[in-house]
Amino acid sequence: MRTIAALLLLLLFLPGACSPSSAPEKFFLGFDRDDYPGDDAMKLFRKEFSFTSYWLGKPPGEKSNSWSGRRELLHSQGEGFLPGTVIFLDIEEGGRLPGTYFTYLKHWASALSEAGFRAGVYCSGIPIDEGEGLTLITADLIREKIKPIELVYWVFNDSCPPSPGCVTPQDLPSPTKSGVAYAQIWQFVRSPRDKETARHCRGYAKNGNCYAPFDTAHKFHLDMNVAKSADPSAPR
């Protein structure tokens, strides 16, 4: 089971052929992974994806951050840390969070605002059965508990449906199809495949991971995301 991790992620723009102004209802494909795939691989990913994540702290369970020190290369491909940029707190665990966590979130969002940035959260959008006909979605719980603070929500829900599975559909689904109507980014694939939530999903490799179509050698397993913007962390 994935653990709660108070770690920061930054989504950044990798400019490609897509333009957010060309079609108002167009959505954008992105990826994230704990390990930096390498400079050459990033050039290939840039052709397929509009954005990636950038770890500001160590990924869960890791002793180091391989993304650290890669800013200059990514900057040459379109990265920006402008005032107002959205920085995401990584909340890996679904279900109910302890009350102290919401206090932490409020202080964290306030501190980011004072520093000139905006707060977002990566969290579960998967409904959890609490018994007696009650279900809980972690994103909804966070949104309710930290009112009136408004966050940007990057939710994960790799259940099929609503997830299309490990595919890169030509017509990307809206993040609202995740089941969270206010989501700006939807992570519809996690690698390796979750044996409980994604057991009915298609497209995963035999080893349980998801790979980009061009990665026929299966070197770089990915989590896949869709966003309403080609630059989900852009100041807003």
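Please read all numbers here as calculations on a predicted model, not as lab measurements.

A. A look at the packing of aromatic side chains. Inspection of every chain in the model, using the stated rule, returns 13 aromatic pairs. Ring plane angle 40° and centroid distance 4.6 Å describe the contact between Phe31 and Phe45, whose orientation is recorded as tilted. Here Phe31, found in strand 2 (residues 28–32), pairs with Phe45, found in helix 1 (residues 39–48); they are 14 residues apart in sequence, far enough to count as distant. The same class applies to Phe31 and to Phe45, which are both buried. A centroid spacing of 6.0 Å and a plane angle of 55° characterise the contact between Tyr101 and Tyr104, whose relative ring orientation is tilted. Here the residue Tyr101 and the residue Tyr104 both occupy positions in helix 3 (residues 99–114), the gap between them amounting to 3 residues, near one helical turn. Taking the relative accessible area as the measure of exposure, Tyr101 reaches 10% and is therefore buried. Residue Tyr104 is classed as partly exposed on the basis of its relative accessible area, which comes to 37%. In this structure an aromatic cluster arises from ring pairing among Phe31, Phe45, Phe49, Phe214 and Phe220. In this arrangement the basic side chain of Arg143 is found over the ring face of Tyr182, its NZ or CZ atom lying 4.0 Å from the centre.

B. Local environment of the pairing of strand 4 (residues 86–90). The buried fraction of strand 4 is high, at 5 of 5 residues. With burial as the criterion, each face of strand 4 is covered, one bearing Val86, Phe88 and Asp90 and the other bearing Ile87 and Leu89. Relative to strand 5 (residues 118–124), strand 4 runs parallel, the two being bridged by 5 bridges. Counted as the bridge partner of Asp90 is Tyr122 from strand 5. Considered for its hand, the β-α-β crossover made up of strand 4, helix 3 and strand 5 is right-handed.

C. How the structure looks around the side chain of Arg190. Relative to the helices and strands, Arg190 is located in the loop between strand 9 (185–189) and strand 10 (223–227). Owing to a relative accessible area of 3%, Arg190 belongs among the buried residues under this scheme. Polar contacts involving the side chain of Arg190 include one to the side chain of Asp158, which spans 3.0 Å. A distance of 3.5 Å separates the side chain of Arg190 from the side chain of Thr197, its partner in a polar contact.

D. Examining the pattern of salt bridges more closely. For the coordinates displayed, the defined rule picks out 4 salt bridges. The partner of Glu130 in a salt bridge is Arg96, with the nearest N and O atoms 2.9 Å apart. With a gap of 34 residues between them, Glu130 in strand 6 (residues 128–131) and Arg96 in the loop between strand 4 and helix 3 connect regions that are remote in the sequence. Judged by its relative accessible area of 35%, Glu130 is partly exposed. Measuring nitrogen to oxygen at the nearest pair gives 3.6 Å for the salt bridge that ties Asp194 to Arg190. In this structure Asp194 comes out as partly exposed when scored by relative accessible area, which is 22%. If you follow the salt bridges from partner to partner, you end up with Asp158, Arg190 and Asp194 in one network.

E. Spatial organisation of the nonpolar core. Grouped together as the largest cluster of nonpolar side chains are 51 residues, with contacts concentrated most on Phe45, Ile91, Leu105, Ile142 and Tyr153. Counting residues per element, this core draws most heavily on helix 3, at 6 residues. Judged by nonpolar contacts, the second largest core, of 12 residues, contains Tyr122, Val152, Phe156 and Ala227.

F. Local environment of the environment of Leu112. Relative to the assigned elements, Leu112 resides in helix 3. Residue class for Leu112 comes out buried when judged on its relative accessible area of 11%. Separated by 27 residues in the primary sequence, Leu112 and Thr85 place their C-alpha atoms 9.8 Å from one another. Apart from the residues within four sequence positions on either side, Leu112 is in contact with Ile87, Phe117, Arg118 and Ala119.

About the thresholds
Residues numbered from 1 in each chain as written. Predicted model: local features only at pLDDT ≥ 70, side-chain atom pairs only at ≥ 80, totals over all residues. Heavy atoms only, no water. Phe/Tyr/Trp six-rings, centres within 6.5 Å; stacked < 30°, edge-to-face > 60°. Helix = DSSP H or I, 4+ residues; strand = E, 2+ residues; numbered from the N terminus. Buried < 20%, exposed > 50% of the residue type's maximum accessible area, 1.4 Å probe, protein only. Lys NZ or Arg CZ within 6 Å of the ring centre and 35° of its normal. Pairing = 2+ DSSP bridges. Right-handed = clockwise from strand over helix to strand, strands pointing away. Polar contact = N/O pair within 3.5 Å; in protein donor to acceptor, adjacent residues only side chain to side chain. Salt bridge = Lys/Arg side-chain N within 4 Å of Asp/Glu carboxyl O. Core = buried A, V, L, I, M, F, W, Y, C linked by side-chain atoms within 4.5 Å. Contact = heavy atoms within 4.5 Å.

As far as function goes, none of this settles anything; it's purely spatial.
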